[in-house]
Amino acid sequence: MEGSLSNLLPSLVKEGVFGDVELVDIKYTKDETMGAQFGSGLNFVTLNVKGTTEESLDIVVKSAVSFRPDSLGLFQVELLMYKEVLPALGFKTEWYPKFYYGFVDHENPENSVLIFDNLKSRNYSNSPSKIFLDYGHISVAMKKLAKFHSLSFILKHEHAQKFEELKNKIKGCSIELPESMKSEANVDAQIAVRAFQEEHGKEELLEQFLNVLGNMGQIMELFDEPKEPFAVICHGDFCNNNVIYKYDKNGSPIDCAFLDFQMSRYSTIVSDLSFFLYLNTDSELREKYWDEFLKIYWETLRENVPEHISVPSFENFLEHFSQFAIHGLNISTFFLPVMMDPFPADTIFSLTEEDHDERRRSPKGQEISRKVIDLVSHFYHKEYLHALLDYMNKS
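Residues numbered from 1 in each chain as written. Predicted model: local features only at pLDDT ≥ 70, side-chain atom pairs only at ≥ 80, totals over all residues. Heavy atoms only, no water.

### As for the nonpolar core
Grouped together as the largest cluster of nonpolar side chains are 107 residues, with contacts concentrated most on Met142, Phe209, Tyr297 and Phe379. Beyond its immediate chain neighbours, meaning those up to four positions away, Tyr297 contacts Met142, Leu145, Ala146, His149, Ile269, Leu273 and Phe317. Judged by nonpolar contacts, the second largest core, of 15 residues, contains Val45, Leu47, Leu57 and Tyr100. (Core = buried A, V, L, I, M, F, W, Y, C linked by side-chain atoms within 4.5 Å. Buried < 20%, exposed > 50% of the residue type's maximum accessible area, 1.4 Å probe, protein only. Contact = heavy atoms within 4.5 Å.)

### Some remarks on the side chain of His378
Relative to the helices and strands, His378 is located in helix 14 (residues 363-381). A distance of 2.9 Å separates a polar atom in the side chain of His378 from a polar atom in the side chain of Tyr278. Look past the residues within four positions of His378 in its chain and what remains in contact with it is Tyr278, Arg286, Trp290 and Tyr384. (Helix = DSSP H or I, 4+ residues; strand = E, 2+ residues; numbered from the N terminus. Polar contact = N/O pair within 3.5 Å; in protein donor to acceptor, adjacent residues only side chain to side chain.)

### Re unusual backbone geometry
Following Glu228, the chain continues to Pro229 via a peptide bond in cis, the omega torsion being 5°. Inspection of the secondary structure assignment puts Pro229 in the loop between helix 8 (216-221) and strand 6 (231-234). The backbone of Asn123 shows a phi angle near 70°, a positive value even though the residue is not glycine. Locating Asn123 in the fold gives a position in the loop between strand 5 (113-117) and helix 3 (135-158). The backbone of Asp260 shows a phi angle near 55°, a positive value even though the residue is not glycine.

### A closer look at the sheet that holds strand 2 (residues 41-50)
The antiparallel open sheet is built from five strands, whose spatial order is 1-2-3-5-4. This sheet does not close on itself; its edge strands, each paired only once, are strand 1 (22-29) and strand 4 (99-103). Strand-to-strand twist of the sheet, defined as the mean angle between neighbouring strand axes without regard to direction, takes the value 25°. Relative to strand 3 (residues 54-63), strand 2 runs antiparallel, the two being bridged by ten bridges. Looking across to strand 3, one finds that Val49 is bridged to Glu55. Contacts between helix 2 (residues 71-89) and the sheet are confined to strand 3, strand 4 and strand 5, with strand 5 contributing the most and set at about 40° to the helix. (Pairing = 2+ DSSP bridges. Axes fitted to C-alpha atoms, helices over the stretch in contact; angles between N-to-C directions.)

### What about the packing of helix 14 against helix 15 (residues 384-394)?
When two helices pack together, their arrangement is given by the angle between the helix axes and the distance between those axes. Axis separation between helix 14 and helix 15 bottoms out at 5 Å; the angle between their running directions is 65°. One element, helix 14, and the other, helix 15, form an angle in the roughly perpendicular class. Contacts between helix 14 and helix 15 involve His378, Phe379 and Tyr380 from the first element and Tyr384, Leu385, His386 and Leu388 from the second. (Parallel < 35°, antiparallel > 145°, perpendicular 65-115°, else oblique.)

### Examining the packing of helix 2 against helix 3
The geometry of helix 2 relative to helix 3 is characterised by a closest axis approach of 9 Å and an angle of 80° between their N-to-C directions. Here helix 3 runs roughly perpendicular to helix 2, going by the angle between their axes. Residues Leu86, Ala88 and Leu89 of helix 2 lie in contact with helix 3, whose contacting residues are Phe148, Leu151, Ser152 and Leu155. When the residues that make up the contact of helix 2 with helix 3 are grouped by side-chain class, the tally is six nonpolar, one polar and no charged. (Nonpolar A, V, L, I, M, F, W, Y, C, P; charged D, E, K, R; others polar.)

### Looking at the pairing of strand 7 (residues 243-247)
Of the pairings in the sheet, the one linking strand 7 to strand 8 (residues 253-258) comprises five bridges and is antiparallel in character. Bridge pairing in strand 8 links Val243 to Phe258. Connecting strand 7 to the next strand, strand 8, in antiparallel fashion are five residues, including Gly251 with a positive phi near 85°.

### Considerations on helix 2
When the terminal C-alpha atoms of helix 2 are compared, their 25 Å separation across 19 residues agrees well with the 27 Å that a helix rising 1.5 Å per residue should span. Of all the bends in helix 2, the largest measures some 50° and sits at Met81. The element helix 2 is largely enclosed, with a buried count of 14 among its 19 residues. Of the residues flanking the end of helix 2, it is Gly90, one or two places downstream, whose phi is positive at about 85°. (Expected span 1.5 Å × (residues − 1). Bend = angle between axes of the 7 residues up to and from the residue.)

### Remarks on the pattern of salt bridges
Counting across every chain of the model gives twelve salt bridges. Where Asp374 meets Arg370, a salt bridge forms, and the shortest distance between an N and an O atom there is 3.1 Å. Of the two residues, Asp374 and Arg370 are both situated in helix 14; the distance of four residues between them amounts to about one turn of the helix. Take Asp374: its relative accessible area is 18%, and that puts it in the buried class. Relative accessible area serves as the criterion here: at 34%, Arg370 is assigned to the partly exposed category. Connected through salt bridges with shared partners, the residues Lys62, Glu78 and Asp260 form a single ionic network. (Salt bridge = Lys/Arg side-chain N within 4 Å of Asp/Glu carboxyl O.)

See below:
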């Protein structure tokens, strides 16, 4: 990729993409603190440029990856989000990277690129823990997510036609689950449910859950039709990999910004919330603060939506969350093993069941299995399973 960038970046400087400056030189760097990347390749670049003074511009160049057949679609969604949707929503520019340039090559998707500023030059940094976060990090993320979601409530009410246009544009280029995956089972979740049955005891409710997990398409269909009045423009891949933080002098998180809007879609607020909370909390934090995190989110949402705009009650929100929390559980049980025991991203969608079995039998695999069982246990004891099955039976 560096070879092609050595041609592209100088031409973009000449075109004025980075301002009224001249290129001095280009330096390529690595960022070992970044979380796992499953949808694109990242290149970290410093452009030394000269205008009235000499300065350095730290940028991130995102490139398509050949092992993702939907890579082109991901780029189309993200380009739309940065060029149209985020500005129209009024999401503050300090809360996401500055967008410099984007090009989607339909004939040669591997040539597609997106270029942003590197938020680390604005004093943001990755969290010390890549997966399991503490109370402070979760709270900051919940508040910022609520502010992001509040913008959809506002625009939907104040400029309904504009919001409808944005919603339809997102829907027009959103990524659909491949047909081959729709009939697949979430095997990690099924194994965890069976292990939970050994500890908890078998019951009909869990047997029904195993059947639901046997068809990922059935779960995904729950989110195909936005659930009003809880539908907003979602980040779509809201987890700690895609959040970067600011800290005070004591090292406590005080703010955050969002990255990677390539999976954005119009859907229920629960899709963002449940994924982040299930993937990025451990069992101890869930036990102590789960309800508090949901309250932090909802109170911040209410505070940021003007009083004349209707927002469902907290009780209605909790009921809705219980019905659709399966989204976060489903994705987290798939990605948590990958993130706790990383392997090359280009193999994630091609591992055989034998490969997965071998990983599960390893000492690390047993630790991971315990974490996934804990997710299932929480989902059961919060009675989200009961709410899900009731909703599906009524539907």
